[in-house]
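# Notes for the structure review
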Amino acid sequence: MTTTIVRAFRRAAVPLVSYYVVTLGLPLANGAAGAGAPFARHALAVLVVPPILIALGCATHLLLEWSHRARN
Amino acid sequence: MKSRLFLLGAASLTAWGLKRHYADASPDDLLWILSPTAWLVGVTTGATFAFEPGEGYLSREHLFLIEKSCAGINFMIAAFGMLVYARFHRTGSAMTAARVLGVSLVAAYLTAVVVNAVRIALALWLAAHPLAASAFSAADVHRFEGICVYFGGLVLLYELVRWFDHELVGRPFQGRHAL
């Protein structure tokens, strides 16, 4: 199971990095950190939600795989 | 090596140019991306959007404005960078580099229009069906929806490139899975 999760994160690494660069890297480079709490709230959501989505996708994939195996 | 340097330089310049254009542009300057997006949202949801100069595309019946910040330019830049990176190792000549640059730009534009239209259509639906007794504010829900759709769009686009390489071109994917 751990291998599947690691593989999923590796596979999604390029889209994840692209997303982080544009949503966090560029605003930070432009001084968005000075905005304080609103940017911190945005940054927290942007940091946390994509890994959760990857984990959820992985869990769904594993569940489907198990149910397929159980049927056969 | 020279062609890869050319690709890197040209891609960085293109991304910077897009960002610069977006920073200085009014909604009227962004019609090239706002118009097809508003049209696609209208087709999929049945909502009617009319252009308001200096504002964007407004749906009076839904009280919904597709404005500058809804243009999806940041997503387009992320998709463009990702596509160039996925093809970077395939670049062997100046001609291939130019082709990678052109195809990535067009694909990023088309994906941005489609993914952004999906995001706005979902936002329209969520605005019409607010989550009762939710612990989250409307702004939180909108932010969460935006992250899911944009990140999901990038993952799907990357998977599409991988599928294209494996199934259609018949070559193993040479872009790196991880950085």
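Relevant structure appears above.
Right, let's walk through the structure included here. Since the model is a prediction, treat every value here as computed from it, not as a measurement.

## So, the overall build of chain A
Counting its secondary structure elements, chain A contains three helices and zero strands. Listing every helix and strand of chain A by position from the N terminus yields α-α-α. Here chain A has a C-alpha radius of gyration of 17 Å; the compact-globule value for 72 residues is 11 Å, and the former is much larger. Along the three orthogonal principal directions, the C-alpha set of chain A runs to about 55 × 20 × 15 Å.

## Focus: a nonpolar patch on the surface
Together, L44, L47, V48, I52 and L56 of chain A give the surface a local cluster of nonpolar side chains, amounting to about 450 Å² of exposed area. You can see V48 of chain A is positioned in helix α3 (residues 37-71).

## Section: the interface of chain A and chain B
At the interface, 19 residues of chain A touch 22 residues of chain B. Approximately 1,900 Å² of surface area, both sides summed, lies buried where chain A meets chain B, with 75% of it carried by carbon and sulfur atoms. The three residues of chain A that bury the most area against chain B are R11, V14 and Y19 of chain A, which together make up 32% of that side's buried surface. Applying the counting criterion to the chain A and chain B interface returns two salt bridges. Notably, a salt bridge pairs D140 of chain B with R41 of chain A, separated by 2.8 Å at the nearest N-O pair. Our count for the contact surface shared by chain A and chain B stands at two residue pairs in polar contact (both at pLDDT 80 or more). The set of elements that each furnish at least two residues to the side of chain A that touches chain B consists of α1 (2-11), α2 (13-29) and α3 of chain A. For the side of chain A that touches chain B, the leading source of residues is α2 of chain A, giving nine residues. Here the residues of the side of chain A that touches chain B are counted per class, giving 14 nonpolar, two polar and three charged.

The rules we used
Residue positions are given per chain, counted from 1 along the sequence in the order it is written. Chains carry letters from A onward and ligands carry numbers from 1 onward, assigned in written order. At least 70 in pLDDT is required for a residue's local features to be given in this predicted model, at least 80 for side-chain atom pairs to be given and counted, and no such filter applies to totals for whole chains, interfaces and linings, which use all residues. Computation of side-chain values: all heavy atoms of the structure, hydrogens and water removed. Only runs of H or I of at least four residues qualify as helices and only runs of E of at least two qualify as strands under DSSP, and these elements are numbered from the N terminus. Radius of gyration here uses only the C-alpha atoms, and the compact-globule reference equals 2.2 Å multiplied by the residue count raised to the power 0.38. Patch rule: a residue counts if its relative accessible area is over 30% and it has no salt bridge; like charges are joined within 9 Å, and nonpolar side chains (Val, Leu, Ile, Met, Phe, Trp, Tyr) within 5 Å. Here the open area of atoms and residues is found with the Shrake-Rupley method and a 1.4 Å probe, where only the protein chains shown may cover a residue. Salt bridges are defined as contacts in which a side-chain nitrogen from Lys or Arg sits within 4 Å of a carboxyl oxygen from Asp or Glu. Note on contacts: a residue pair qualifies if any of its non-hydrogen atoms lie within 4.5 Å across the two residues. Put simply, buried area is how much 1.4 Å-probe accessible surface two parts lose in total, over both of them, once they are put together. Polar contacts, as used here, are pairs of N or O atoms within 3.5 Å; protein pairs need one atom able to donate a hydrogen and one able to accept it. Residues neighboring in sequence count only if both atoms are side-chain atoms. Throughout, the ten residues Ala, Val, Leu, Ile, Met, Phe, Trp, Tyr, Cys and Pro are labelled nonpolar, Asp, Glu, Lys and Arg are labelled charged, and all others, Gly among them, are labelled polar.

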